[in-house]
Structure formats: structure tokens, C-alpha cells
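Examination of the molecular architecture
Residues per chain, in single letters:
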Amino acid sequence: MKKFINGYSLVTSKVCYYICYVGMILIACMMVIMFVDSMLGLFANYRILGVYEVVQCMLLIVVFTSWAYTQTVHGHIHVTMFVSKLPQKLRFFCFSLTSLISVGTMVFATWGAGKGILEKVASREITATLMIPIWPLYVIMTVVFGMFTLVLLGDTIKSIVAMFDKETADEIQSTWA
């Protein structure tokens, strides 16, 4: 079981890293676009058409691409002040329960984003200035939410195993502040 969990974590970590890398590239692109637009406005009294829309779309992608990666490096906040005082089985039962709730929440979010794809394709919704279709953003959101769900599921399984395995419990607790 440990071998499966470690392999699963390795694969999801690598995929999340590359997904997050897209977000990092978009941050650089956003900075360049906003800088050029600001300088053109300041020195040439000219603004680039649709910069606000493009940056808004990029920002959506940047935010969502960071979630799964942050989970793989255990960067999300875990409030373990009280849970860490409990016996191992009860501690990881509570941790597993909250992790399972997180997985359930993300399943619904992924489903909702997937449903949004169909709605946006049917409505042919576009942005106001550049007329960029909205549905590709929902595709990206669905993929990234799905990846975040898979990472949370792996962490949930690992925390269930930690109820019965001291080594796995110590490994998980090493990421707690």
C-alpha cells in the first residue's frame, strides 16, 4: 500500500508541478502586458485594447493552477494545534475526516466547473471587448480542480493509513507546523 501511495504521490506531484509551471509563465506574461500597457499609456497616451480582459483570464488560470501544487508541497494551512495532542488513531481519524470533506467539496467544485463548460458552450458567452470565448477557462478550471481532487484523495488515503502505521503518521506530521 505504501508503494502505491508513494507512486501515486510522485505522479500527481509531477503533473501538478507542470500545471503550476503554466501559471508561473502566465504571471510573467501578465507583468509584461501590464507594464507595456502602463508605459504606453504614460508616454504615448495609448492603451492596448482588452488588456483588462486578458489579464483577468490569466489571473483566473494562475490562481487555480497553484492550488494542487501547493497541496503537493503541503503549503496549505493545517490547524493541528488540538488534533496533534490526541492519540495517533484518533488524531488521524479526525485528519482523515476533514481530508475526506475536502475531497467531497472538490468533487462538487469539479463537477460544477464541468457543468459550466456545457453551459458556456451552449450560451456562446464571450468577453465584452476581445470576444474571447469563456468556455476554455471552464475547461482549464475543471482539469485543475480535478487534479486538486486527486491530490487531496491521495492525502486522504495516506492519512487513513497513518491511523495504523507509525512511520506514515510521522511522515505526515513532519509537514505540520
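The structure contained in this document is the topic of the report that follows. Sequence order sets the numbering: in each chain, residues are counted from 1 along the sequence as written. Where local features are concerned, this predicted model is filtered to residues with pLDDT of at least 70; where side-chain atom pairs are given and counted, the filter is 80 or more; whole-chain, interface and lining totals use all residues. Derived side-chain values reflect all non-hydrogen atoms in the structure, with water molecules and hydrogen atoms excluded from consideration.

Notes on the packing of helix α2 (residues 51-72) against helix α4 (residues 135-162)
Here is the rule we go by: For helices, the fitted axis covers only the stretch in contact; all axes are lines through C-alpha atoms, and the angles between them, taken along N-to-C directions, range from 0 to 180 degrees. We count a stretch as a helix when DSSP gives it H or I for four or more residues in a row; a strand needs E for two or more, and each element gets its number in order from the N terminus. Under this scheme an angle from 65 to 115 degrees is roughly perpendicular, one under 35 degrees roughly parallel, and one over 145 degrees roughly antiparallel; angles in between are oblique. Any pair of residues with heavy atoms lying within 4.5 Å of one another is described as a contacting pair. Residues are grouped as follows: nonpolar covers Ala, Val, Leu, Ile, Met, Phe, Trp, Tyr, Cys and Pro; charged covers Asp, Glu, Lys and Arg; every other residue, Gly included, is treated as polar.
At a minimum axis distance of 8 Å, the contact between α2 and α4 shows a crossing angle of 10°. Classed by the angle they form, the pair α2 and α4 counts as roughly parallel. In this structure, α2 uses C57, L60, I61, F64, T65, W67, A68, Q71 and T72 to contact α4, whose residues at the interface are L137, I140, M141, V144, F145, M147, F148, V151, L152 and D155. Residues that form the contact of α2 with α4 fall into these classes: 15 nonpolar, 3 polar and 1 charged.

Here's the deal with the packing of aromatic side chains
The geometry of an aromatic ring pair is captured by two quantities: the separation of the ring centres and the angle between the planes. Selection rule: Stacked, tilted and edge-to-face are the three classes applied to pairs of Phe, Tyr and Trp rings, where Trp contributes its six-membered ring and a pair requires centres within 6.5 Å; stacked means planes under 30 degrees apart, edge-to-face means over 60, and tilted covers the rest. Using a 1.4 Å probe on the protein chains alone, a residue whose accessible area is under 20% of its type maximum counts as buried, one over 50% counts as exposed, and one in between counts as partly exposed.
Taken as a whole and assessed by the stated rule, the structure comprises 9 aromatic pairs. Their ring planes at 70° and their centres at 5.5 Å tell us that Y17 and Y18 sit as a pair that is edge-to-face. Residue Y18 is classed as exposed on the basis of its relative accessible area, which comes to 56%. Seen in terms of ring centroids, F92 and F95 are 6.3 Å apart; in terms of plane orientation they differ by 85°. Their pairing is edge-to-face. One end of the pair, F92, and the other, F95, are both in helix α3 (residues 88-123), 3 residues apart, so they sit about a helical turn from each other. Here the aromatic cluster, defined as three or more aromatic residues joined through ring pairs, consists of Y17, Y18, Y21 and Y69.

Description of the pattern of salt bridges
The condition is simple: The rule for a salt bridge is simple: a side-chain nitrogen of Lys or Arg has to be within 4 Å of a carboxyl oxygen of Asp or Glu.
Per the stated rule, a full pass over the model turns up 4 salt bridges. Among the salt bridges present, the one from D170 reaches K166, with a minimum N-O distance of 3.2 Å. On the criterion of helical spacing, the pair formed by D170 and K166 is a turn pair, its members being 4 residues apart in helix α5 (residues 166-173). The exposed category is assigned to K166, whose relative accessible area is 51%.

Describing the nonpolar core
Worth spelling out the cut-off: Note on terminology: a nonpolar core comprises buried Ala, Val, Leu, Ile, Met, Phe, Trp, Tyr and Cys residues joined through side-chain atoms within 4.5 Å.
Core analysis: the largest hydrophobic core is formed by 14 residues, its most contacted members being A68 and F145. Elements supplying a minimum of two residues to this core: α1 (2-43), α2, α3 and α4. The element best represented in this core is α4, accounting for 7 residues. Core analysis: the second largest hydrophobic core is formed by 9 residues, V55, M58, I61 and L137 among them.

Considering the packing of α1 against α2
Under the convention used in this document: A clockwise turn of the near helix away from the far one marks a right-handed crossing, whereas an anticlockwise turn of less than a right angle marks a left-handed crossing.
Put simply, α1 and α2 touch, their axes get as near as 8 Å, and they point 150° apart. Here α1 is positioned roughly antiparallel relative to α2, judged by the angle of their axes. Two packed elements cross with a definite hand, and for α1 against α2 that hand is left-handed.

A closer look at the layout of surface pockets
Here is the rule we go by: Lining residues are those with an atom within 4 Å of a point, where the points come from a 1 Å grid over the protein atoms alone and group into cavities, where a 1.4 Å probe fits but cannot get out, or pockets, open sets with protein on both sides within 12 Å along at least five of seven lines. Grid points are joined across faces, edges and corners, and a volume is the space filled by probe spheres set on the points.
In this structure, the largest pocket spans a volume of roughly 320 Å³. Lining the largest pocket are 16 residues, and of these Q71, H78, F95, S99 and D155 lie nearest its centre. Among the secondary structure elements, those contributing two or more residues to the lining of the largest pocket are α3, α4 and α5. In the lining of the largest pocket, the residues fall into 5 nonpolar, 8 polar and 3 charged.

Any functional reading would require information beyond the geometric quantities listed.
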